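Here are the chains, one letter per residue:
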Amino acid sequence: MSLPKAVGKFIIVGSQVMSRAFIQAYKQMVANASQQNTGASQAGNAEKAKVARRGEITMREAGDILNVNTDPLNKEELEQRFQRMFKINDPKAGGSFYLQSKVFRAHERLMEELKQNEPEETNEKQGQQPQT
């Protein structure tokens, strides 16, 4: 077999393989997109997608990072876990800057949630309705 013939055959076979892979990837993408749109809670999925696009983390993810229960969020426990995890992951002590930043963002997210819930708790203690 001559060299030009072998090169031509190689190009043809390679393009066939690539086209099949592209078609399979496209089909998988369409299947994934249809599964996301047919979820039981489309509004919940849309909110999660917005949060992911903004680069924010969810309450659940923040709780998992700091290993705290987010249902009854306890400020003292949150602060203790944050201080411990932040110190452990300090780059000067041989830790990871990436993990330290994840811990910081998780703490930031949970503190934001606590601040949002404080006015509601204060109003409930006083017997007033929370303002919307």
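Residues numbered from 1 in each chain as written. Predicted model: local features only at pLDDT ≥ 70, side-chain atom pairs only at ≥ 80, totals over all residues. Heavy atoms only, no water.

Taking an unreviewed UniProt entry as the reference, the protein is identified by name as Mitochondrial import inner membrane translocase subunit TIM16 belonging to Schizosaccharomyces octosporus. Its UniProt record gives the protein the following Subcellular location (unreviewed entry) comment, quoted word for word: "Mitochondrion inner membrane". (UniProt positions renumbered as here; feature names shortened; annotations may be inferred.)

(A) Main features of the overall build of the protein. When you go through the protein residue by residue, the secondary structure sums to five helices and zero strands. The linear arrangement of helices and strands in the protein, starting from the amino end, is α-α-α-α-α. Within the protein, buried positions represent 16% of all 132 residues. Pairs at least 24 apart in sequence give 46% of the contacts found in the protein among residues at least 6 apart. Here the protein displays about 10,800 Å² of accessible surface, and carbon together with sulfur accounts for 55% of that area. (Helix = DSSP H or I, 4+ residues; strand = E, 2+ residues; numbered from the N terminus. Buried < 20%, exposed > 50% of the residue type's maximum accessible area, 1.4 Å probe, protein only. Contact = heavy atoms within 4.5 Å. Areas by Shrake-Rupley, 256 points an atom, 1.4 Å probe, with all protein chains shown as cover.)

(B) Seen up close, the side chain of R109. Within the secondary structure layout, R109 lies in helix α5 (residues 97-126). Here I57 takes part through its backbone oxygen, which lies 3.1 Å from a polar atom of the side chain of R109. Leave out the neighbours within four places in its chain, and R109 touches I57, T58, M59 and A62. (Polar contact = N/O pair within 3.5 Å; in protein donor to acceptor, adjacent residues only side chain to side chain.)

(C) Region of interest: the nonpolar core. Formed by 13 residues in total, the largest nonpolar core has its most connected members in L66, L78 and L110. Breaking this core down by element, the ones donating at least two residues are α3 (59-66), α4 (75-88) and α5. Among the elements that make up this core, the one with the highest residue count is α5 (five residues). For L78, the contacting residues outside a window of four places in its chain are L66, V68, H107, L110, M111 and L114. (Core = buried A, V, L, I, M, F, W, Y, C linked by side-chain atoms within 4.5 Å.)

(D) A look at the side chain of Q100. Secondary-structure assignment places Q100 in helix α5. Residue class for Q100 comes out buried when judged on its relative accessible area of 9%. The contact partners of Q100, leaving out residues within four places of it in the chain, are F86, N89, D90 and P91.

(E) A look at the packing of aromatic side chains. As enumerated under the stated definition, the model contains two aromatic pairs in all. Ring plane angle 40° and centroid distance 5.3 Å describe the contact between F82 and F86, whose orientation is recorded as tilted. With a gap of four residues between them, F82 and F86 both fall in helix α4, about one helical turn apart. With relative accessibility at 30%, the residue F86 sits in the partly exposed group. Ring geometry for F82 and F104: centres 6.5 Å apart, planes at 55°, overall tilted. Of this pair, F82 sits in helix α4 while F104 sits in helix α5, and the two are 22 residues apart along the sequence. A relative accessible area of 35% places F104 in the partly exposed class. (Phe/Tyr/Trp six-rings, centres within 6.5 Å; stacked < 30°, edge-to-face > 60°.)

(F) Representation of a nonpolar patch on the surface within the structure. Together, F22, I23, Y26, M29 and V30 give the surface a local cluster of nonpolar side chains, amounting to about 540 Å² of exposed area. Secondary-structure assignment places Y26 in helix α1 (residues 3-37). Judged by relative accessible area, Y26 falls into the partly exposed class, the value being 49%. (Patch = residues over 30% accessible without salt bridge, like charges linked within 9 Å, V, L, I, M, F, W, Y side chains within 5 Å. Salt bridge = Lys/Arg side-chain N within 4 Å of Asp/Glu carboxyl O.)

(G) Seen up close, α4. Look at α4: 20 Å from first C-alpha to last across 14 residues, which is about the 20 Å you get at 1.5 Å a residue. Here α4 starts with a cap whose side-chain oxygen sits 3.1 Å from the backbone nitrogen of E76, and that cap is N74. (Expected span 1.5 Å × (residues − 1).)

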